[in-house]
Amino acid sequence: MAELMDEYGRPQTPGASGKQGGVTRRKFLSYGIGGIGTAIAAALLYPIVGYAASPAFSTGKEQWIAVGNVTDFSPNQPQKVEFSYKKLDGWMTVEQKSTCWVVAKDSANFDVFNPKCTHLGCAYHWDQNETKFLCPCHGGVYDITGKVLAGPPPRSLDKVPFKLEGDKLLVKGA
Ligand code: FES
């Protein structure tokens, strides 16, 4: 009967062979130390990788910003509203300032417009005498519903999503 030898050519004694189910003690310890090292590395890297990657996987929670009470807006009197809100920008939270035009049709129906002209993005204004939105850059003209009346704008004013909560008017932050 052939005698079992270990990796150094020494005879093996049953029960003291140094083998663990076909794996040498050296390999067993090597795997164990490797596994512990991997677990420690994963535990250390997990929070770092999670922090670095979180903005990439952020769903960008939608925000609704209160811009006034419905009673603040008189029917057919467009009103420019400035507001600010917190926004996640990459890895930082920044204060975002924004503007919109609110047009009340009555106490429950509104139009809220993006403040940029749809031609090249200039700021337009409401002219109370002409009862029109006028863009000074290239002569764009819109009516109170945002429809283009004259000039180069290719489409109506862009609308900003809004909702009413009680008597508060909220607009959606980008
Ligand atoms: S940007 Fe308003 S008309 Fe050109």
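Heads up: these notes are all about the structure in this document. (Residues numbered from 1 in each chain as written. Predicted model: local features only at pLDDT ≥ 70, side-chain atom pairs only at ≥ 80, totals over all residues. Heavy atoms only, no water.)

**A word on the sheet that holds strand 5 (residues 92–104)**
Now for step 1: As summarised here, the arrangement of the three strands in space is 4-5-6, forming an open sheet in which the pairing is antiparallel. Among the strands making up the open sheet, the edge pair consists of strand 4 (79–89) and strand 6 (110–113). The average undirected angle you get between the axes of adjacent strands in this sheet is 35°. (Pairing = 2+ DSSP bridges. Helix = DSSP H or I, 4+ residues; strand = E, 2+ residues; numbered from the N terminus. Axes fitted to C-alpha atoms, helices over the stretch in contact; angles between N-to-C directions.)

**Notes on a nonpolar patch on the surface**
Now for step 1: A cluster of nonpolar side chains, Phe28, Leu29 and Ile33, forms an exposed patch at the surface whose accessible area comes to about 330 Å².
Now for step 2: Mapped onto the elements, phenylalanine 28 comes out in helix 1 (residues 25–57).
Now for step 3: When its relative accessible area of 48% is taken as the criterion, phenylalanine 28 is described as partly exposed. (Patch = residues over 30% accessible without salt bridge, like charges linked within 9 Å, V, L, I, M, F, W, Y side chains within 5 Å. Areas by Shrake-Rupley, 256 points an atom, 1.4 Å probe, with all protein chains shown as cover. Salt bridge = Lys/Arg side-chain N within 4 Å of Asp/Glu carboxyl O. Buried < 20%, exposed > 50% of the residue type's maximum accessible area, 1.4 Å probe, protein only.)

**Side note on the sheet that holds strand 8 (residues 132–134)**
Now for step 1: Sheet architecture is open: four strands sit in the order 7-8-9-10, paired in antiparallel fashion. Of all the strands in the sheet, just strand 7 (125–127) and strand 10 (148–150) have a single pairing partner and so form its edges.
Now for step 2: As paired strands, strand 8 and strand 9 (residues 141–142) are joined by two bridges and run antiparallel to one another. Within strand 9, the position partnered with phenylalanine 133 by the bridge is tyrosine 142.

**Considerations on the state of the cysteines**
Now for step 1: Counted according to the given criterion, the structure contains one disulfide.
Now for step 2: The disulfide partner of cysteine 122 is cysteine 137, and the gap between their sulfur atoms is 1.8 Å. Where cysteine 122 bonds to cysteine 137 through sulfur, the torsion about that S-S bond is close to -95°, and the disulfide is left-handed. Of this pair, cysteine 122 sits in the loop between strand 6 and strand 7 while cysteine 137 sits in the loop between strand 8 and strand 9, and the two are 15 residues apart along the sequence.
Now for step 3: Note on cysteine 137: relative accessible area 37%, which makes it partly exposed. (Disulfide = S-S within 2.5 Å.)

**Re the pattern of salt bridges**
Now for step 1: Using the criterion set out here, one finds five salt bridges in the structure.
Now for step 2: Note that lysine 105 is salt-bridged to aspartate 111, the shortest N-O span being 3.5 Å.
Now for step 3: Assessed through its relative accessible area of 44%, lysine 105 is described here as partly exposed.
Now for step 4: Two residues, aspartate 111 and lysine 159, come together in a salt bridge whose shortest N-O distance is 3.3 Å. Of the two residues, aspartate 111 sits in strand 6 while lysine 159 sits in the loop between strand 10 and strand 11 (162–165), which places them 48 residues apart along the sequence.
Now for step 5: On the basis of relative accessibility, which here comes to 54%, the residue lysine 159 falls in the exposed class.
Now for step 6: Overlapping salt bridges, with partners in common, bring together Lys105, Asp111 and Lys159 in one network.

**Topic: the pairing of strand 12 (residues 168–173)**
Taken residue by residue, a regular strand's side chains alternate between the two faces of the sheet.
Now for step 1: Looking at chain direction, strand 3 (residues 63–69) and strand 12 are connected through six bridges and run antiparallel. Considered in strand 12, the bridge of glutamine 63 is made with glycine 173.
Now for step 2: Linking two consecutive strands that pair antiparallel, namely strand 11 and strand 12, is a turn of two residues; a positive phi of about 65° is found at glycine 166 within it.

**Comments concerning unusual backbone geometry**
Now for step 1: The phi angle at asparagine 76 is positive, at roughly 60°, despite the residue not being glycine.
Now for step 2: Position of asparagine 76 among the secondary structure elements: in the loop between strand 3 and strand 4.
Now for step 3: Phi is positive for threonine 131, close to 45°, though the residue is something other than glycine.
Now for step 4: Mapped onto the elements, threonine 131 comes out in the loop between strand 7 and strand 8.
Now for step 5: Overall, threonine 131 belongs to the partly exposed group, its relative accessible area being 44%.

**What about the nonpolar core?**
Now for step 1: Ranked by internal contacts, the top residues of the largest apolar core, which has 15 residues, are Phe73, Phe83, Cys100, Val102, Phe110 and Val171.
Now for step 2: Elements represented by at least two residues in this core include exactly strand 3, strand 4, strand 5, strand 6 and strand 12.
Now for step 3: With residues near it in sequence (within four places) discarded, valine 102 still touches Phe73, Gln77, Pro78, Gln79, Val81, Phe110, Asp111, Val112 and Leu169.
Now for step 4: Listed in part, the 11 residues of the second largest apolar core include Phe113, Tyr124, Trp126 and Leu157. (Core = buried A, V, L, I, M, F, W, Y, C linked by side-chain atoms within 4.5 Å. Contact = heavy atoms within 4.5 Å.)

Coordinates in, geometry out; function isn't part of it.
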